[in-house]
Every structure is written in C-alpha cells, then in structure tokens.
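Here's the letter readout for the chains.
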Amino acid sequence: MTTTSTPGLARFNTSQDSAALAALHEVCASSAWGGKVLAQRPYATAQDLFAASDAALAELTVKDLQEAMAGHPPIGRPKPGDPTSAREQRGMAGASEALKAELLELNLAYQEQFGHVFLICATGATGEQMRDAVKTRIGNTPEEEREIVRTELGKINRIRLTRLVEEDKDR
C-alpha cells in the first residue's frame, strides 16, 4: 500500500534538521531512533517513513528503549499541559477514583519490578483494559516485557507519526 506525500510529510522532509529532530522527539524520546529516522529523509511516502521508524525501533538497545520510555508519563497521569498524552490516555478520563487508585498502585509495582514506566498504546483503550494489561504483564520476565514494550512503542510511534504527516498547516 502506497500513501502519497502529504503537506505534513513534505514539511517534515524540508524542515531544518533541528526542527525535524524536535518533531521526532515528540513522537519518541529515543535519540537513537530520532537520529536514524532523520538520517533517511526525505521520504517519498508516509509508508516509507513508517518503515524507517519500524527498522530504527527494531535496532534500539535496552538503553535506547529506556530513554524512549522515559518520555512517557504513567497511565492515569498524563503530563500537565501535554495534549498528546491527554489524548492518548482519554480512556482514563471517566475512570472511577477506585480504578485510578488501583492503576496507580499497579503502576508503582510494575515500575519497581521493571525499573521503568508501564508502557502501553493507550489510544482507544479503556481504564479497565489498561489495568488488566498491567496485571497480566507484571508477571512477565524482563526479556518478555522488553519485547512487549518495543511492540507497544511501535504502535505509539505509528499513531504519532501519522498525526505528524497528516498535519496540513504549520504547528
């Protein structure tokens, strides 16, 4: 499937390296990922950009993944003033106080076990689905969890890159 160039993709392709890198950092906090995606500009199609993103993600080291995860707020606590994390965690907006408290407790237990924030592609997920995912994944080995995190990060990056290339006006 080929996606034609969009105004957002054209703007990304032609922006200065510093501006393009800043846009990529909003997608994923891994500097290794951003550098690899930046180095392959220009992209003929959004699909080419997505493929480069996936390839860069597959090459991330444990340290690179940790850097990427550090850019994500805990589920249930989006960054104040950050419309991206608020939009992505919309499923928590109507959650009960009990569910929010349970998720906070699970997030802390997960973070203590794995040393990083619980990462899930929260777009479209309910608070209950996110809670259930933490409960399931907390029993994983660090190696299993690292690969799940890589997959979830790929989903998040794809959603964020899609928004980037579909923007039809200056930010």
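An account of the accompanying structure is given in this report. Small disclaimer: the values here were computed from a predicted structure and weren't measured. (Residues numbered from 1 in each chain as written. Predicted model: local features only at pLDDT ≥ 70, side-chain atom pairs only at ≥ 80, totals over all residues. Heavy atoms only, no water.)

1. Quick word on the environment of Thr 162
- Mapped onto the secondary structure, Thr 162 falls in helix α9 (residues 142–166).
- Sequence-wise, Thr 162 and Gln 47 are 115 residues apart; in three dimensions their C-alpha atoms are separated by 9.6 Å. (Helix = DSSP H or I, 4+ residues; strand = E, 2+ residues; numbered from the N terminus.)

2. Structural notes on the pattern of salt bridges
- Tallied over the entire structure, the rule returns 10 salt bridges.
- Asp 132 is the partner of Arg 131 in a salt bridge, and the nearest nitrogen-oxygen pair spans 3.1 Å.
- Judged by its relative accessible area of 38%, Asp 132 falls in the partly exposed class.
- Each member of the salt-bridge network shares a partner with another, and the members are Glu 102, Arg 131, Asp 132 and Lys 135. (Salt bridge = Lys/Arg side-chain N within 4 Å of Asp/Glu carboxyl O. Buried < 20%, exposed > 50% of the residue type's maximum accessible area, 1.4 Å probe, protein only.)

3. Focus on the nonpolar core
- Ranked by size, the top nonpolar core spans 45 residues in total, and within it Phe 12, Trp 33, Leu 49, Ile 75, Leu 153 and Leu 161 carry the most contacts.
- Every element with two or more residues in this core is listed here: α1 (7–14), α2 (17–27), α3 (31–39), α4 (46–58), α5 (62–70), α7 (97–114), α8 (127–137) and α9.
- Contact partners of Leu 161, with chain neighbours within four places excluded, come to Leu 24, Val 27, Trp 33, Leu 49, Phe 50 and Ser 53. (Core = buried A, V, L, I, M, F, W, Y, C linked by side-chain atoms within 4.5 Å. Contact = heavy atoms within 4.5 Å.)

4. A word on the side chain of Ser 30
- Looking at the element boundaries, Ser 30 is found in the loop between α2 and α3.
- A distance of 3.4 Å separates the side chain of Ser 30 from the backbone nitrogen of Ala 32, its partner in a polar contact.
- What Ser 30 contacts, discounting residues up to four positions off in sequence, is Leu 60, Asp 64, Glu 67 and Ala 68. (Polar contact = N/O pair within 3.5 Å; in protein donor to acceptor, adjacent residues only side chain to side chain.)

5. A closer look at the packing of α7 against α8
- Contact geometry of α7 with α8 gives a least axis separation of 10 Å together with a crossing angle of 30°. Judged by the angle between their axes, α7 and α8 are roughly parallel. Of the two possible hands of crossing, α7 and α8 adopt the one that is left-handed. The residues of α8 that touch α7, namely those facing Leu 99, Glu 102, Leu 103, Leu 106, Tyr 110 and Phe 114, are Gly 127, Glu 128, Met 130, Arg 131, Val 134, Lys 135 and Arg 137. (Axes fitted to C-alpha atoms, helices over the stretch in contact; angles between N-to-C directions. Parallel < 35°, antiparallel > 145°, perpendicular 65-115°, else oblique. Left-handed = near helix turned anticlockwise from the far one by under 90°.)

6. Structural notes on α9
- End to end, α9 covers 36 Å across 25 residues, agreeing with the expected 36 Å (1.5 Å per residue, within 8%).
- Listed as buried for α9 are Glu 145, Val 149, Arg 150, Glu 152, Leu 153, Gly 154, Ile 156, Asn 157, Arg 160, Leu 161, Leu 164 and Val 165. (Expected span 1.5 Å × (residues − 1).)

7. Some thoughts on the packing of aromatic side chains
- For the coordinates displayed, the defined rule picks out 3 aromatic pairs.
- Relative to Phe 114, the ring of Tyr 110 has its centre 4.7 Å away and its plane inclined at 45°; by these criteria the two rings are tilted. Taken as a pair, Tyr 110 and Phe 114 lie in helix α7 at a separation of 4 residues, close to a single helical turn. Like Tyr 110, the residue Phe 114 is buried in the burial classification.
- Given a relative accessible area of 0%, Tyr 110 falls into the buried group.
- Within the aromatic cluster, the residues linked to one another by ring pairs are Tyr 110, Phe 114 and Phe 118.
- One Lys or Arg, Arg 41, reaches over the ring of Phe 12 and ends 5.6 Å from the middle of that ring. (Phe/Tyr/Trp six-rings, centres within 6.5 Å; stacked < 30°, edge-to-face > 60°. Lys NZ or Arg CZ within 6 Å of the ring centre and 35° of its normal.)

8. As for the environment of Gly 8
- Relative to the assigned elements, Gly 8 resides in helix α1.
- Spatially, the C-alpha atoms of Gly 8 and Leu 164 are 6.1 Å apart, while their sequence positions differ by 156 residues.
- When neighbours within four sequence positions are excluded, Gly 8 is seen to be in contact with Leu 164, Val 165 and Glu 167.

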